[in-house]
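Letter by letter, the chains look like this.
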Amino acid sequence: MFDSLEAFPFALGSSFSLIALAEVGDKSQLVCMALAARYRATPVLLGAIAAFALLNIIAVVFGAAIAHWLPQSVIVLIVGILFIAFGIHFLRPPAVDENELHVEKSSHNLFFSTLLLITVAEFGDKTQIAVAGLSSMSDPLAVWLGATLALALTSALGVLAGRTVMQYVSINLLHKISGGLFILLGLLAFLGLAY
């Protein structure tokens, strides 16, 4: 069924690729851009990485717990439906609300401000749900590591070079690639149910 997903390197690589593509141009990356433009980059980046590490732990624990409670066929069906829904969502043009980028100035504890802001903004987000789904079918440690590295990378891009990257690569193109990958994984999940 999903035997190949049990391999650590495959789970690491697939979670890294999927989450990295899904998160480029997302609100958390835009928040990192806005904060880094206004404050020092290092505490912003470290706060974002800490927030994503925490959120991914919650998602992986939830996904692994569900894998023990529900039959594998039900999990695969749910994950397939979620991934196809995420794919369709990504194929739509992104809408960026400039009001989401407004952040009150706090010079005392930028690390914890970033940690709190991203944790609240991303809790229950599509990437956290995707991490939970992936960890219900794959090695949870590999999924956590891959997703956390991907989110650290996208946060670093947002802090250090996000605006430059977006001049050369269209957000719409990245979202279409992400949407296609989510739909492909959803269809592969359904294909696994047939066998």
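Because the structure is predicted, anything quoted here is derived from the model rather than measured.

A. Representation of the overall build of the protein chain. Of the regular secondary structure elements, the protein chain holds eight helices and zero strands. Secondary structure of the protein chain in N-to-C order comes out as α-α-α-α-α-α-α-α. Taking all 195 residues of the protein chain together, the buried fraction comes to 44%. In the protein chain, of all internal contacts separated by at least 6 residues, the share reaching a separation of at least 24 is 93%.

B. Layout of a nonpolar patch on the surface. Taken together, the side chains of Trp 69, Leu 70, Val 74, Ile 78, Leu 82 and Ile 129 define a hydrophobic patch exposed on the protein surface, amounting to about 520 Å² of accessible area. Within the secondary structure layout, Leu 82 lies in helix H4 (residues 72–91).

C. Summary view of the side chain of Thr 127. Counting through the fold element by element, Thr 127 comes out in helix H6 (residues 126–137). In this view, Thr 127 contacts Ile 19, Ala 22, Glu 23 and Glu 122; residues no more than four positions away in its chain are not counted.

D. Structural context of the packing of helix H3 (residues 41–69) against helix H5 (residues 110–122). Where H3 contacts H5, the axes come no closer than 7 Å and their chain directions differ by 40°. When the axis of H3 is compared with that of H5, the two are oblique. In the crossing of H3 with H5, the sense of the turn from one axis to the other is right-handed. In this structure, H3 contributes Pro 43, Val 44, Leu 46, Gly 47, Ala 48, Ala 50, Ala 51, Phe 52, Leu 54 and Leu 55 to the contact, and H5 contributes Leu 110, Phe 111, Thr 114, Leu 115, Ile 118, Thr 119 and Glu 122. In terms of residue class, the contact of H3 with H5 is made up of 13 nonpolar, three polar and one charged.

E. Local environment of the confidence of the model for the protein chain. Residues at a pLDDT of 70 or more form 81% of the protein chain, whose mean pLDDT is 77. In the model, residues 1–5 has pLDDT below 50 throughout and makes 14 contacts with residues more than four positions away in sequence or in other chains. Scored below 50 in pLDDT, residues 97–107 makes 13 contacts in the model with residues more than four places away or belonging to other chains.

F. Representation of the environment of Phe 86. With respect to the helices and strands, Phe 86 occurs in helix H4. With 100 residues separating them in the primary sequence, Phe 86 and Gly 186 have C-alpha atoms 9.3 Å apart.

G. Representation of the nonpolar core in the model. In this structure, Ile 19, Phe 83, Ile 118, Val 131 and Phe 182 are the most contacted members of the largest nonpolar core, which totals 41 residues. Broken down by secondary-structure element, the contributors of at least two residues to this core are helix H1 (8–23), helix H2 (27–38), H3, H4, H5, H6, helix H7 (140–168) and helix H8 (171–194). Top element by residues in this core is H3. It accounts for eight residues. Sequence-distant contacts of Val 131, defined by excluding residues within four places in its chain, comprise Ile 19, Asn 56, Ala 59, Val 60, Val 143 and Ala 147.

H. View of the environment of Ala 20. Tracing the backbone shows Ala 20 in helix H1. Excluding residues within four positions of it along the chain, Ala 20 makes contact with Ala 150 and Thr 154.

Parameters at a glance
- Note that residues are indexed from 1 along each chain, following the sequence as it is written.
- Local features in this predicted model are restricted to residues whose pLDDT is 70 or higher, and side-chain atom pairs enter the listing and the counts only when it is 80 or higher, whereas totals over whole chains, interfaces and linings include all residues.
- The side-chain values count all of the structure's non-hydrogen atoms but skip hydrogen atoms and water molecules.
- Secondary structure counts use DSSP, requiring at least four H or I residues in a row for a helix and at least two E residues in a row for a strand, with both numbered from the N terminus.
- Each residue's exposure class comes from its accessible area (1.4 Å probe, protein chains only) as a fraction of the maximum for that residue type: buried when under 20%, exposed when over 50%, partly exposed otherwise.
- Only heavy atoms enter the contact rule, under which two residues are in contact if any of them lie within 4.5 Å.
- In this analysis, a patch consists of residues with relative accessible area above 30% that form no salt bridge, clustered at 9 Å for like charges and at 5 Å for the nonpolar side chains Val, Leu, Ile, Met, Phe, Trp and Tyr.
- Residue exposure ignores everything except the shown protein chains as possible cover, and the areas themselves are Shrake-Rupley values with a 1.4 Å probe.
- Salt bridges are defined as contacts in which a side-chain nitrogen from Lys or Arg sits within 4 Å of a carboxyl oxygen from Asp or Glu.
- Only the contacting stretch of a helix is used when fitting its axis, a line to C-alpha atoms as for every element, and angles between N-to-C directions run 0 to 180 degrees.
- The cut-offs work like this: below 35 degrees is roughly parallel, past 145 is roughly antiparallel, 65 to 115 is roughly perpendicular, and the gaps in between are oblique.
- Each crossing gets its hand from how the near helix is turned against the far one by less than a right angle, where anticlockwise is left-handed and clockwise is right-handed.
- Residues are grouped as follows: Ala, Val, Leu, Ile, Met, Phe, Trp, Tyr, Cys and Pro are nonpolar; Asp, Glu, Lys and Arg are charged; every other residue, Gly included, is polar.
- As a per-residue quantity, pLDDT reports the predictor's confidence and falls between 0 and 100.
- Side-chain atoms within 4.5 Å link the members of a nonpolar core, which is a set of buried Ala, Val, Leu, Ile, Met, Phe, Trp, Tyr and Cys residues.

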